[in-house]
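# Observations on the three-dimensional arrangement
Residues per chain, in single letters:
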Amino acid sequence: KLDSLDVATPTPIAYMDVRSGGLINSSYLVTEYTDWEPMNKLPLMEKFEQVMLNDAFVKFTVELHKKGIQHNDYNTSNVLFHRHDDFSYRFMLIDINRMHFGHMSKTACLSNLKRFCEDSDAVYRISQKYAEERGWSKYGTLATLAAQRGVFERRRQNKVYLKELIKGHAGA
């Protein structure tokens, strides 16, 4: 499906689901090797390249969302990039087993970005460029994305707390 929408992914070689009690416990997808870099390399780059890559990434994301592509684990490890000599970029999606296709509301679009915004600077930069590309209110986009990120962080912290609490009781 992604290929027909002109979205790059590594060529798949094999796929396997591991089941336990009739339920999928884990899944594995083997693909061809790619030398493209993950977006989590962004902080290690020169400032000029960070800005160029960030802008290109937001444009790529807008196109995904306009095509109705929602990657449910859209984070800096699951988007790869390749820089051309002219500082233009191409992007590739990996870990594509949890995706949905269909119309995306404004809230769904911004919620899909919440894993990418790891700090308040990233929330601001991404929201402002995303709003510009979509023709949306920059203030409204920032407020929605910041709220989505806040909910995501609270849930993540609650999961960590519960796991520690369970481990504490399990060892007692």
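Everything below is about the structure printed above this text.
Now for a description of the structure that goes with this document. (Residues numbered from 1 in each chain as written. Predicted model: local features only at pLDDT ≥ 70, side-chain atom pairs only at ≥ 80, totals over all residues. Heavy atoms only, no water.)

Here we come to the pairing of strand 2 (residues 23–31). The pairing of strand 1 (residues 12–20) with strand 2 spans 8 bridges and is antiparallel. Bridge pairing in strand 2 places Ala14 opposite Val30. Taking the residues between adjacent antiparallel strands as the criterion, strand 1 and strand 2 are bridged by 2 residues, where Gly21 takes a positive phi near 65 degrees. (Pairing = 2+ DSSP bridges. Helix = DSSP H or I, 4+ residues; strand = E, 2+ residues; numbered from the N terminus.)

A cluster of nonpolar side chains, namely Tyr161, Leu162, Leu165 and Ile166, defines an oily patch on the protein surface of about 420 Å² accessible area. Within the element layout of this structure, Tyr161 appears in helix 4 (residues 138–170). (Patch = residues over 30% accessible without salt bridge, like charges linked within 9 Å, V, L, I, M, F, W, Y side chains within 5 Å. Areas by Shrake-Rupley, 256 points an atom, 1.4 Å probe, with all protein chains shown as cover. Salt bridge = Lys/Arg side-chain N within 4 Å of Asp/Glu carboxyl O.)

This next bit is on the environment of Trp36. Locating Trp36 in the fold gives a position in the loop between strand 2 and strand 3 (37–38). The class for Trp36 is buried, based on a relative accessible area of 19%. Beyond its immediate stretch of four places on either side in the chain, Trp36 contacts Leu80, Phe81, His82, Arg90, Phe91 and Met92. (Buried < 20%, exposed > 50% of the residue type's maximum accessible area, 1.4 Å probe, protein only. Contact = heavy atoms within 4.5 Å.)

Time to look at the sheet that holds strand 3. Read from one edge to the other, the open sheet built from 3 strands follows the order 3-5-6, with strand pairing classed as antiparallel. A single partner strand is all that each edge strand has here, and the edge strands are strand 3 and strand 6 (89–93). Judged from the 5 bridges that link them, strand 5 (residues 79–83) and strand 6 form a sheet pairing that is antiparallel. In the sheet register, Arg83 faces strand 6, and the bridge partner there is Tyr89. Of the strands in this sheet, strand 5 and strand 6 are in contact with helix 1 (residues 47–66), which crosses strand 6 at around 55 degrees. (Axes fitted to C-alpha atoms, helices over the stretch in contact; angles between N-to-C directions.)

Moving on to unusual backbone geometry. Positive phi, normally seen in glycine, also occurs at Phe87, with a value near 65 degrees. Here Phe87 lies in the loop between strand 5 and strand 6. Positive phi outside glycine occurs at Asp95, with the angle close to 55 degrees. Mapped onto the secondary structure, Asp95 falls in the loop between strand 6 and strand 7 (99–101). Its relative accessible area of 36% is what places Asp95 among the partly exposed residues.

Taking 1.5 Å per residue, 15 residues should reach 21 Å; helix 3 (residues 120–134) reaches 21 Å between its end C-alpha atoms and fits that length. Of the residues flanking the end of helix 3, it is Gly135, one or two places downstream, whose phi is positive at about 75 degrees. (Expected span 1.5 Å × (residues − 1).)

Another point: the nonpolar core. With 33 residues, the main nonpolar core has Phe57, Tyr74, Val79 and Phe91 as its most contacted residues. Looking at this core, the elements that each hand over two or more residues are helix 1, strand 5, strand 6, helix 2 (106–112) and helix 3. Counting residues per element, this core draws most heavily on helix 1, at 7 residues. When neighbours within four sequence positions are excluded, Phe57 is seen to be in contact with Met39, Tyr74, Val79, Phe91, Leu113, Phe116 and Ile126. (Core = buried A, V, L, I, M, F, W, Y, C linked by side-chain atoms within 4.5 Å.)

Viewed as axis vectors pointing N to C, helix 1 and helix 3 meet at an angle of 55 degrees, and their least axial separation amounts to 9 Å. Comparing their axes, helix 3 and helix 1 come out oblique. Handedness of the helix 1/helix 3 crossing: right-handed. Contacts between helix 1 and helix 3 involve Asn54, Asp55, Phe57, Val58, Lys59, Thr61, Val62, His65 and Lys66 from the first element and Arg125, Ile126, Lys129, Tyr130, Glu133 and Arg134 from the second. Of the residues belonging to the contact of helix 1 with helix 3, the class tally is 5 nonpolar, 3 polar and 7 charged. (Parallel < 35°, antiparallel > 145°, perpendicular 65-115°, else oblique. Left-handed = near helix turned anticlockwise from the far one by under 90°. Nonpolar A, V, L, I, M, F, W, Y, C, P; charged D, E, K, R; others polar.)

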